[in-house]
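Analysis of the macromolecular model
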Amino acid sequence: LDLSNCSLRSTPPGLAEAVAVLVLDLTENPLTTLPNSSFLGFTHLQHLAVPLPLECPGGSSAWEEVTTRGSSRLCQGQRNPCNGSGELAWPCPENAACAPDGPGLVQCLCNSPFHGYKCLREGTFPVLLFCGILGAVTLALSLLLWGTQRRKAKTP
């Protein structure tokens, strides 16, 4: 995807839709910052060219090779941050698996049947219990209000 020399001052909002891109060129743009969140979901990105003043998203450790050529910085070969070779693996909870989510970004996916915050809840959401309690409380409050407000209603 060639976005070079497009006078971009920030990453375009529609860039998030191009998560399947393999090569991205952002050179010759007056970009001032390049937030890591701009590349959330870009797991297939293998070659990225950015203006020389900017660092590669995720830092140099997120790429196999970072080189400078002319007025651009080339980031090549996105590393898997979940792979523990070289440095410590990303700390996911006990019941979760690490999955790459872009340059230097990861997400922790809960193993089945765990879910919820830090994958600590096991099983499925208790729908019947929740709906039963909610229905009983609603019925009780409705009967209480009907009984207390009925005496104020005028009869013809």
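Residues numbered from 1 in each chain as written. Predicted model: local features only at pLDDT ≥ 70, side-chain atom pairs only at ≥ 80, totals over all residues. Heavy atoms only, no water.

Once that is clear, we can look at the pairing of strand β5 (residues 96–100). Inspection of the sheet shows β5 paired to strand β6 (residues 106–110) by five bridges, in the antiparallel sense. By the bridge assignment, A96 is partnered in β6 with C110. Between β5 and β6, which follow one another and run antiparallel, lie five residues, and G102 among them has a positive phi close to 130 degrees. (Pairing = 2+ DSSP bridges. Helix = DSSP H or I, 4+ residues; strand = E, 2+ residues; numbered from the N terminus.)

Of all hydrophobic cores here, the largest spans 18 residues; its most connected members are L24, L26, L34, F39, L45, L48 and W63. Residues within four places of L24 in sequence aside, it is in contact with L1, L3, L15, F39, L45, H47, L48 and A49. (Core = buried A, V, L, I, M, F, W, Y, C linked by side-chain atoms within 4.5 Å. Buried < 20%, exposed > 50% of the residue type's maximum accessible area, 1.4 Å probe, protein only. Contact = heavy atoms within 4.5 Å.)

Let's shift gears to the pattern of salt bridges. Using the criterion set out here, one finds two salt bridges in the structure. With its nearest N and O atoms 4.0 Å apart, the salt bridge here joins E55 to R73. Within this pair, whereas E55 is found in the loop between β2 (47–51) and β3 (63–69), its partner R73 is found in strand β4 (residues 72–78), the two being separated by 18 residues in sequence. What makes E55 partly exposed here is its relative accessible area of 48%. For R73, a relative accessible area of 14% gives the class buried. With a shortest N-O distance of 3.7 Å, R79 and E64 are connected by a salt bridge. Of this pair, R79 sits in the loop between β4 and β5 while E64 sits in strand β3; the two residues are 15 residues apart in sequence, bridging distant segments of the chain. (Salt bridge = Lys/Arg side-chain N within 4 Å of Asp/Glu carboxyl O.)

All quantities given are derived from atomic positions and should not be read as evidence of function.
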